[in-house]
Amino acid sequence: MPKFVAKFCYMSIQNPEKIFQDKVDAEVRIEPKDWMPEKYRQTLIRQISQHAHSEIVGMLPEGNWISRAPSLKRKQILIAKVQDEAGHGLYLYSAAETLGITRDQMYDQLHSGKAKYSSIFNYPTLNWADMGTVGWLVDGAAIMNQVPLCRTSFGPYSRAMIRVCKEESFHQRQGFEALLVLSKGNPDQRAMVQDAIDRWWWPSLMMFGPNDSESLHSEQSMKWKIKRFSNDELRQRFVDMVAEQVKLLGMTLPDPDLKWNEERKHYDFGTINWDEFWNVVNGNGPCNKQRLDARKNAWEAGAWVREAAQAHADKRINRKQKAA
Ligand code: FAQ
C-alpha cells in the first residue's frame, strides 16, 4: 500500500473529517465511495446538477437558430455544437449520480424550479450574430470558469470537465470566427455584430455569479477545492481577455468605464446591474418561463420513449435470466 494511502487510512479511523481535508489539501481526488462530509456531498450535487441543467437548457437559445442558419456549413457546425452541449449535460448528470441522487430527482428539481441553471440562458437569441456572440462570450465565460474545474476535488466532476473544456474551447473559437466573418461584411452585418455584443456583454459577466462579498458558497467551496478561484477573480480574467479580443473584431464593449489600469495590470470595468441578475436568477428574466416550459414539455412528450426503453431493457433481462 502506498505510504500516503496507509497514512490516510490510519487517520480516517481517528478523524474522518481531518483525513478528508488532508486529502483535499494534498490534491488527492475524492472518489464517490470515499468518506466525505454531508455538506460537501450536497454542495457538489447542487453545483454539478445546476451545471448539467445549464448545459441542457443552454441548448434552447441556440437550437432556435438551427433551422435558420445562413449556410449548410453554419447549420452543420451549430448542430454539432448543440449536440456537444447535450453530451456535457449527460456527463455531468452521471457525475452527480455517483453522489447518490437519481437523474429523475434532478429533473424534478429543475422542473419544479428548485434547482437553478445559469442566468445567461434566460436571454433571447434575436439574430444570427447572437450565435457567434454566444459562442465567443458565453462559451468563453464558461471556459474561464470551467478550466479550473478540471482540478476540482471530486474525481468524477474533474474528469468530466476535461472533455467538456476541450469542446467548449472549440465552441468559443467557432463563435469568434463567425463574428470575424460578419465583422468584415457590410454595414448592416457589422451593426448586427455590435448589437449582439451590446446585449450579451453584461449578462455574460453575470455568469460568474455574485461578487465575492455576496457569494454564499465561495468560501467553503474554495476550502474544499470544489471551486479553485473566486467569482470575481474569474470575472476579471474574462474581462481582461475579451477587452483585447474585441479589438480584433473592430467592435466595442458597452461599458464607458472599461479602462486599462496600469497599476493593477487589469482592466477596470463598470458596475454590474445586480438587480437584473437576481431578477433573472429568481425566475423573472425575459425567457425563464419559455425555457422551463420547453424542458417540461420535452419531459412529458418523451414519456413514451422512456417507457419503451424500459420495456426493452426488462425484456432483455428476462431473456438473459431464462437463458441462464
Ligand atoms: N446563474 O454562492 P454563489 C455553459 C446562484 S455552462 C444562476 O457564488 P456558487 C455551457 C448560485 O447557484 C454555464 N444562478 O454560488 C454552455 C447560488 O444559489 P443556490 C454554467 C447563479 O455555486 C455554453 C447563489 O447564486 N456553468 O455556459 C449564478 O459558489 C453555451 C449564490 O452564488 C456552471 O454551472 C448564475 N450565473 O458559484 C451551454 C459552472 N451565479 O444554488 C450552452 C459550475 C450564482 O444557493 C451554450 N458552477 N448563482 O440556490 C460554478 O462554478 C458555480 O456554481 C458558480 C456559482 C460560479 C456558477
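Our subject is the structure that appears above.
On a predicted model such as this, the values are computed, not experimentally measured, just so you know.

Looking now at the packing of aromatic side chains. A full pass over the atoms with the stated rule returns 13 aromatic pairs. Taking 5.9 Å as the distance between ring centres and 15° as the angle between the ring planes, the aromatic pair formed by Trp201 and Phe238 counts as stacked. Of the two residues, Trp201 is situated in helix H9 (residues 187-206) and Phe238 in helix H11 (residues 231-249); the sequence distance between them amounts to 37 residues. A relative accessible area of 0% places Trp201 in the buried class. Centre to centre, the rings of Trp260 and Tyr267 are 5.2 Å apart; their planes meet at 75°, and the pair counts as edge-to-face. Directly above the ring of Phe229 sits Arg237, whose terminal nitrogen or CZ lies 4.1 Å from the centroid.

The next thing to look at is the site of the ligand. Residues in contact with the ligand amount to 36 residues; listed here are only the nearest, Lys116, Ser119, Ser215, His217 and Lys227. Between the ligand and Lys227, the relevant distance is 2.7 Å, taken from an oxygen atom to a side-chain nitrogen or oxygen of the residue. In the complex, the protein chains occlude 93% of the 1100 Å² of accessible area that the ligand would expose alone. When residues in the shell around the ligand are grouped by element, the largest group, 6 residues, is from helix H3 (residues 38-57). The residue makeup of the shell around the ligand, split by class, is 14 nonpolar, 13 polar and 9 charged.

Here we take up the side chain of Glu167. Considering the arrangement of structural elements, one finds Glu167 in helix H8 (residues 155-183). Its relative accessible area of 15% is what places Glu167 among the buried residues. A polar contact of 2.6 Å, which involves the side chain of Glu167, links it to the side chain of His88.

On to the pattern of salt bridges, then. Evaluation of the coordinates by the stated rule reveals 19 salt bridges. Note that Glu38 and Arg41 form a salt bridge whose closest N and O atoms lie 2.8 Å from each other. Here Arg41 and Glu38 lie together in helix H3, a separation of 3 residues that amounts to about one turn. Owing to a relative accessible area of 44%, Glu38 belongs among the partly exposed residues under this scheme. With a closest N to O distance of 2.3 Å, Lys265 and Glu262 form a salt bridge. Among the ionic contacts, a cluster of salt bridges with common partners joins Glu62, Lys81, Glu85 and Asp139.

Rules used in this analysis
- Residues numbered from 1 in each chain as written.
- Predicted model: local features only at pLDDT ≥ 70, side-chain atom pairs only at ≥ 80, totals over all residues.
- Heavy atoms only, no water.
- Phe/Tyr/Trp six-rings, centres within 6.5 Å; stacked < 30°, edge-to-face > 60°.
- Helix = DSSP H or I, 4+ residues; strand = E, 2+ residues; numbered from the N terminus.
- Buried < 20%, exposed > 50% of the residue type's maximum accessible area, 1.4 Å probe, protein only.
- Lys NZ or Arg CZ within 6 Å of the ring centre and 35° of its normal.
- Near = heavy atom within 4 Å.
- Polar contact = N/O pair within 3.5 Å; in protein donor to acceptor, adjacent residues only side chain to side chain.
- Areas by Shrake-Rupley, 256 points an atom, 1.4 Å probe, with all protein chains shown as cover.
- Nonpolar A, V, L, I, M, F, W, Y, C, P; charged D, E, K, R; others polar.
- Salt bridge = Lys/Arg side-chain N within 4 Å of Asp/Glu carboxyl O.

Read these as spatial facts, not as claims about activity.
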